[in-house]
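# Architecture at a glance
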Amino acid sequence: MDKILLSKTGKLQVPEHPVIPFIEGDGVGAEITPATQSIMHAVVHKAYKGARSIAWKEVLAGEKAFRTTGSWLPDDTMQAFREYRVGIKGPLTTPVGGGIRSLNVALRQELDLFVCLRPVRWFRGVASPLKEPSLVDMYVFRENTEDIYAGIEWEQGTPQAARVLDFLTREMGVTKIRFPETSAFGVKPVSRQGSQRLVRAAIEYALLKKHPSVTLVHKGNIMKFTEGGFKNWGYELAEEAFSGQVFTMNQYQRIKEQKGKVQADAALEEAKSSGLLLIQDVIADAFLQNTLLRPRDYSVIATLNLNGDYISDQLAAMVGGIGIAPGANINYLSGHALFEATHGTAPDIAGKNQVNPCSLLLSGAMMLEYLGWSEASHLIHTTLESLFEDGYATHDLARFMPNGTSLSTTEFRDKVLERVAML
């Protein structure tokens, strides 16, 4: 048992028996976390015949941490993720309105996990509202540390809000606040550095995995200096850092202006035939529509924090729901990564042995892939797909399957373990 390290060349050095910190999670976390761990243990053992294993180390956050230590996010938990580098977590409580800020956001910001990676694909056997869900195969790179999720805001009616209003009106000459005396205020920080490291990660991922395009999704037509800046800085980074590997729609527009549309179209087709990665952009609302009408047009997505929140949930619904939507928060520079269930704590079904563990399980598969243990990761995907094709799933999925058999959380776990053992 040992720690995961980062080499001088920036590559993870993963021991055969790494220590992986985990947060059980609130609500249904107490059910999906042990189910996920038992399945991950089985696939790792199956893939590597005992030569590799995971040593789980529980750390506390959320309600369990507060009951035990009086802190929602103890310092020891943050230190464990810093020290051991890679971890996994169940869902954590985030109150609406007052109270504690989002623990998920706090973890991402404290560890500078600037990429929220949400892969979206369809599993055969899962019911989908789309006619051709197999065309959905996307990887959302959502900027994780900036935008309105930075939490810089002031409540209506407070002295702080009054000071912000005074500064905006007196110092900055702002006149477009419709109801100034009853307004709350928030700040949306979007930086060149934050935008470009996110876009760089998306491009490097697309090149490594041989995906055809990276799409910058933004609302730059309205927020010209924040969202528009994201788009411009993304194109700038692509052309400067990946010259000869990419073709951008900015290049297309320049050729079109200088030589005409025929020449620009020819250049685009030549770039595609040469295997260059296409860098394009689209307005966020148009993107949401296009993903339903033309999902094959998109592969790797790079976008800001709030856009990414909406986009990843819509895409998950297109392939069967958030119950099978995995997620990871990654800093590709330091190697730190925290994999997570993308759904909430589901207090209405907590403790009822009904919850679907697949979001956390597929996040565990992402973690195995990140460690370089792709054989074990592949076993999770193939096993789940074989079960779904046979109609076996928890009730949230099985009720929509023509041949669906609704299983409890533990019954589904046992079916997965049984199927893994047969491989």
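Basis of the calculations
Residues numbered from 1 in each chain as written. Predicted model: local features only at pLDDT ≥ 70, side-chain atom pairs only at ≥ 80, totals over all residues. Heavy atoms only, no water. Axes fitted to C-alpha atoms, helices over the stretch in contact; angles between N-to-C directions. Helix = DSSP H or I, 4+ residues; strand = E, 2+ residues; numbered from the N terminus. Parallel < 35°, antiparallel > 145°, perpendicular 65-115°, else oblique. Contact = heavy atoms within 4.5 Å. Nonpolar A, V, L, I, M, F, W, Y, C, P; charged D, E, K, R; others polar. Disulfide = S-S within 2.5 Å. Salt bridge = Lys/Arg side-chain N within 4 Å of Asp/Glu carboxyl O. Buried < 20%, exposed > 50% of the residue type's maximum accessible area, 1.4 Å probe, protein only. Expected span 1.5 Å × (residues − 1). Phe/Tyr/Trp six-rings, centres within 6.5 Å; stacked < 30°, edge-to-face > 60°. Lys NZ or Arg CZ within 6 Å of the ring centre and 35° of its normal.

### Points about the packing of helix α1 (residues 29-48) against helix α15 (residues 409-422)
- Relative orientation of the contacting elements α1 and α15 amounts to 5°, with a least axis distance of 10 Å. As the angle between them shows, α1 and α15 are arranged roughly parallel. Contacts between α1 and α15 pair E31, A35, S38, I39, A42, V43 and K46 from the former with T409, R413, V416, L417, V420 and A421 from the latter.
- Of the residues belonging to the contact of α1 with α15, the class tally is 8 nonpolar, 2 polar and 3 charged.

### Considerations on the state of the cysteines
- Evaluation of the coordinates by the stated rule reveals 0 disulfides.
- In this structure C116 is a free cysteine whose sulfur lies 19 Å from that of C358, the closest cysteine sulfur available.

### Considering the pattern of salt bridges
- For the structure on display, the rule yields 24 salt bridges.
- With its nearest N and O atoms 3.0 Å apart, the salt bridge here joins K219 to D285. Residue K219 is found in the loop between β10 (213-218) and α7 (227-241), and its partner D285 is found in helix α10 (residues 284-293); the two are separated by 66 residues along the sequence.
- The class of D285 is partly exposed, set by a relative accessible area of 46%.
- The salt bridge involving D297 is made with R294; its shortest N-O contact spans 2.7 Å.
- Taking the relative accessible area as the measure of exposure, D297 reaches 34% and is therefore partly exposed.
- Overlapping salt bridges, with partners in common, bring together R121, R124, E385 and E389 in one network.

### A word on α7
- For α7, built from 15 residues, the straight-helix expectation of 21 Å at 1.5 Å per residue is met to within 8% by its first-to-last C-alpha distance of 21 Å.
- Along α7, the residues classified as buried are E227, G228, G229, F230, W233, G234, Y235, L237 and A238.

### Digging into the packing of aromatic side chains
- Inspection of the entire model under this criterion finds 10 aromatic pairs.
- Aromatic side chains F388 and F412 sit 6.3 Å apart centroid to centroid with 10° between the ring planes, which places their arrangement in the stacked category. In this pair, F388 is assigned in helix α13 (residues 374-389) and F412 in helix α15, connecting sequence segments 24 residues apart. Take F388 and F412: they sit in the same class, and that class is buried.
- Put simply, the rings of Y139, F141, Y205 and Y332 touch in pairs and so form one group of aromatic residues.
- Above the ring of Y149, the side-chain terminus of R142 is found at 5.0 Å from the ring centroid.
- If you follow K415 out to its NZ or CZ, it ends over the ring of Y392, 4.2 Å from the centre.

### Thoughts on the side chain of H218
- Positionally, H218 belongs in strand β10.
- The buried category is assigned to H218, whose relative accessible area is 2%.
- Setting aside residues up to four positions removed in sequence, H218 forms contacts with E227, F230, K231, D281, V282, I283, A284 and N307.

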